[in-house]
Amino acid sequence: MNLHEYQGKEILNSYGVGIQRGIVASTPEAAVEAAKKLTEETGTGWHVIKAQVHAGGRGKGGGVKLAKNLEELRSHAENIIGMQLVTPQTSAEGKTVHQVLIAEDVYYPGETETSEIYMSVLLNRATGRNMIMYSTEGGMDIEEVAEKTPHLIFTEEIDPSTGLLPFQCRKVAFNLGLTGKAFKEMTKFVACLYKAYDGSDASLFEINPVLKTSDEKIIAVDAKVSIDDNALYRHQDYAEMRDIREEDAAEVEAGEYGLNYVKLDGNVGCMVNGAGLAMATMDIIKHAGGNPANFLDVGGTADAARVEQAFRIILKDENVKALLVNIFGGIVRCDRVAQGIVDAYNNIGEINVPLIVRLQGTNAEEAKKLIDESGLKVHSVILLQEAADKVAEVLS
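Residues numbered from 1 in each chain as written. Predicted model: local features only at pLDDT ≥ 70, side-chain atom pairs only at ≥ 80, totals over all residues. Heavy atoms only, no water.

## Let's talk about the overall build of the chain
Counting its regular elements, the chain contains 13 helices and 18 strands. Principal axes of the C-alpha set define a box for the chain whose edges measure 80 × 50 × 40 Å. In the chain, which comprises 396 residues, the share counted as buried stands at 48%. For the chain, the share of sequence-separated contacts (at least 6 apart) that also reach a separation of at least 24 residues comes to 67%. On the chain, roughly 18,800 Å² of surface is accessible, and the fraction owed to carbon and sulfur atoms is 49%. In the chain, 39 positive and 58 negative side-chain charges are present, and the distance between their average locations comes to 2 Å. (Helix = DSSP H or I, 4+ residues; strand = E, 2+ residues; numbered from the N terminus. Buried < 20%, exposed > 50% of the residue type's maximum accessible area, 1.4 Å probe, protein only. Contact = heavy atoms within 4.5 Å. Areas by Shrake-Rupley, 256 points an atom, 1.4 Å probe, with all protein chains shown as cover. Lys, Arg positive; Asp, Glu negative; His and termini not counted. Charge placed at Lys NZ, Arg CZ, Asp CG, Glu CD.)

## Some details on the packing of aromatic side chains
Here the structure, examined in full by the defined rule, presents 2 aromatic pairs. With centroids separated by 5.4 Å and ring planes inclined at 20°, the aromatic side chains of tyrosine 134 and phenylalanine 154 adopt a geometry described as stacked. One end of the pair, tyrosine 134, is in strand β8 (residues 129–135); the other, phenylalanine 154, is in strand β9 (residues 153–157), and 20 residues separate them in sequence. On the basis of relative accessible area, tyrosine 134 is assigned to the buried category, the value being 0%. (Phe/Tyr/Trp six-rings, centres within 6.5 Å; stacked < 30°, edge-to-face > 60°.)

## Observations concerning the nonpolar core
The nonpolar side chains of a soluble globular protein tend to be buried with one another. Grouped together as the largest cluster of nonpolar side chains are 39 residues, with contacts concentrated most on Leu12, Met119, Met186, Phe189 and Phe205. For this core, the secondary structure elements donating two or more residues are α1 (5–14), β7 (115–124), β8, α5 (166–175), α6 (180–199), β10 (202–212), β11 (218–220) and β12 (224–227). It is α6 that contributes the most residues to this core, 9 residues altogether. Not counting the four nearest positions on each side in its chain, leucine 12 is found in contact with Val17, Ile19, Leu193, Ala196, Phe205, Ile207, Ala220 and Ala223. (Core = buried A, V, L, I, M, F, W, Y, C linked by side-chain atoms within 4.5 Å.)

## Section: the sheet that holds strand β3 (residues 64–67)
Taken together, the 4 strands give an open sheet; going across it, the order is β1-β6-β2-β3, and neighbouring strands pair in antiparallel fashion. Of all the strands in the sheet, just β1 (22–25) and β3 have a single pairing partner and so form its edges. This sheet shows a mean twist of 20° between the axes of neighbouring strands, independent of strand direction. Examined bridge by bridge, β1 and strand β6 (residues 100–104) share 4 bridges and lie antiparallel to one another. Following the sheet pairing, valine 24 is matched in β6 by leucine 101. Lying over the sheet, α1 contacts β1, β2 (47–51) and β6, oriented at roughly 50° with respect to β6. Strand contacts of helix α3 (residues 70–80): β2, β3 and β6, with the helix running at about 165° to β3, the strand carrying the most contacts. (Pairing = 2+ DSSP bridges. Axes fitted to C-alpha atoms, helices over the stretch in contact; angles between N-to-C directions.)

## Section: the packing of helix α2 (residues 28–42) against α3
Interaxial distance between α2 and α3 falls to 9 Å at its minimum, and their mutual angle equals 140°. Classified by chirality, the crossing of α3 by α2 is right-handed. Judged by residue contacts, Pro28, Glu29, Ala31, Val32, Ala35 and Lys36 of α2 engage Leu70, Leu73, Arg74, Ala77 and Glu78 from α3. Each residue belonging to the contact of α2 with α3 can be placed in one class, and the counts come to 7 nonpolar, no polar and 4 charged. (Left-handed = near helix turned anticlockwise from the far one by under 90°. Nonpolar A, V, L, I, M, F, W, Y, C, P; charged D, E, K, R; others polar.)

## Digging into α5
Taken together, the buried positions of α5 are Gln168, Cys169, Val172 and Ala173. Taken around the axis of α5, the buried residues stretch over an arc of 140°, which confines them to a single face. Projecting away from the buried face of α5 at angles above 90 degrees are the exposed residues Pro166 and Phe174. Packed against the buried residues of α5 are β7, β8, β9 and α6. Backbone geometry just downstream of α5 places glycine 177 in the positive-phi region, at approximately 75°. (Arc of directions from axis to C-beta.)

## Quick word on the environment of leucine 277
For leucine 277, the position within the fold is in helix α9 (residues 275–287). Of the residues examined, leucine 277 reaches a relative accessible area of 22% and is grouped as partly exposed. Taking the C-alpha atoms as reference points, leucine 277 and phenylalanine 328, separated by 51 residues in sequence, lie 8.2 Å from one another. Among all residues touching leucine 277, those that are not within four sequence positions of it are Val272, Asn326, Ile327 and Phe328.

## Here we look at the packing of α5 against α6
Packed helix pairs are specified by the crossing angle of their axes together with the interaxial distance, meaning the distance between the axes. Contact pair α5 / α6: the axes reach a minimum separation of 8 Å and the direction vectors enclose 130°. For the element pair α5 / α6, the angle class is oblique. Our pair here, α5 against α6, has a crossing hand that is right-handed. Across the interface between the two elements, Cys169, Arg170, Val172, Ala173 and Phe174 from α5 touch Phe183, Met186, Thr187, Val190 and Ala191 from α6. (Parallel < 35°, antiparallel > 145°, perpendicular 65-115°, else oblique.)

## Regarding the pattern of salt bridges
Considering all chains together, one arrives at 21 salt bridges under this definition. Residues glutamate 5 and lysine 50 are paired through a salt bridge, measuring 3.0 Å at the closest nitrogen-oxygen approach. One end of the pair, glutamate 5, is in helix α1; the other, lysine 50, is in strand β2, and 45 residues separate them in sequence. A relative accessible area of 6% means that lysine 50 is categorised as buried. Residues joined by salt bridges that share partners form a network here, namely Glu5, Lys9, Lys50, Arg58 and Asp222. (Salt bridge = Lys/Arg side-chain N within 4 Å of Asp/Glu carboxyl O.)

## Looking at the environment of glutamate 393
Examined against the element boundaries, glutamate 393 turns out to sit in helix α13 (residues 384–395). The exposure class assigned to glutamate 393 is partly exposed, which follows from its relative accessible area of 46%. Sequence spacing of glutamate 393 and leucine 38 is 355 residues, and the spatial spacing of their C-alpha atoms is 64 Å.

What follows is the structure, encoded as C-alpha cells:
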C-alpha cells in the first residue's frame, strides 16, 4: 500500500526522524489557513505547495511550487488542486490532485550552505537482506545517478540477526562526507529511519532529498513510503491511510470480491487460479503473439459469483480482444468452474470477444462436456498448446 508524502512524514516523525513540517489541505482556503499556522510555528512566510499523489517527479509536472506570500500561495493552490498531474511516473493522462501539502520552506532564504542527499531503505532481493541505499546526489533521479555516476551510490546491508549497528550509521555519515554536528545528526537520522522502516513493516522508504541545512540539521524533505499489505492487520492506523482514489478502480473493485487483479496493457484477458499458473498463462499468450491484458487469480474457490465478477472486471477493459480462462482443478472441481462460466455468461449476456476455456484436473471431462453442450460461443480446449494456438487464431 502506497502512502502520500504527508502520511509517510507522519510515520517518520513518530519514530524521531526530522522532517519538513507541513499541513495537508484540500481547498485553496484551507491552504492559506495552513500557511498562516505554519508561519506562527516557524516564523517564515515562505512555503512550498506540494501536490499529493502517488507518483514521483511531481515538480517536473508543475506539482511543486514555492510561494513567498499568501497571494502566491493561494494562486498556486488553486492551480494545483484539481489539476491532472502528469509526471514521468504516471500514465499519459496523469493523476488528479485532490489535496496539497503546505510545507515550510527549509531552504532558508539567502543561505547556500545546504546539500541534498538521496536515501532509501528497501529489501535487497539478491541477498534477502534489508539495505540502506544512499548518495550525495540528492534531488536527482536515482536511476540517472546509477547510469551516469554509479560510484556515487553506496549501500549498507543489515544483518537480520543483529539489526542496524551503530558503526553502520557512522559509516553512512562518513561516506556522505559529513563532519561535526551534521555527522552526529546523520547517524541519528539513519538509525531512526531504519526503525521506522522496520517498525512499520514497510517495503520501501525513499527520501529524496534528505537535506543538510545551513545550520547542519538533517531533515526529510520528501517521503515515498510503501507498506507491506500482508502486515496491515498489525497496523490498523496505517490501513486507514489508504487512498483508493490513487488506485486503479478495477483493481479496487476486484479486491472487494477477493480477486487478485492487476491491469496490464495487452489485448488478451486472463482468468486463472493460482499465481504460478497465471504467470505461465501470460507467457503462452505472449508466445502466441498476443499480450496479456491483466493478471487475474480467482483463487481456489472459483464459484459462479466470483467467476461472473471476474468476467465483468476483465471485460471493462476496452483493449481486451480475447479472453482465456485457464483453470486447474485441484482444490476446486472443474465442473463447478464450468458451471460458473456458463452461469456468468448467461447473466452477463453476449460476450463480444472470443472466449477460450481450458479446464484441467478434477472432473475435467465433465467440465468440457458441460461447456460443449451449453450452446455458448466458447472455444473449449484441453492442452496448454491448444490454448496458445487458439489465442493466435482468434487474434489473427
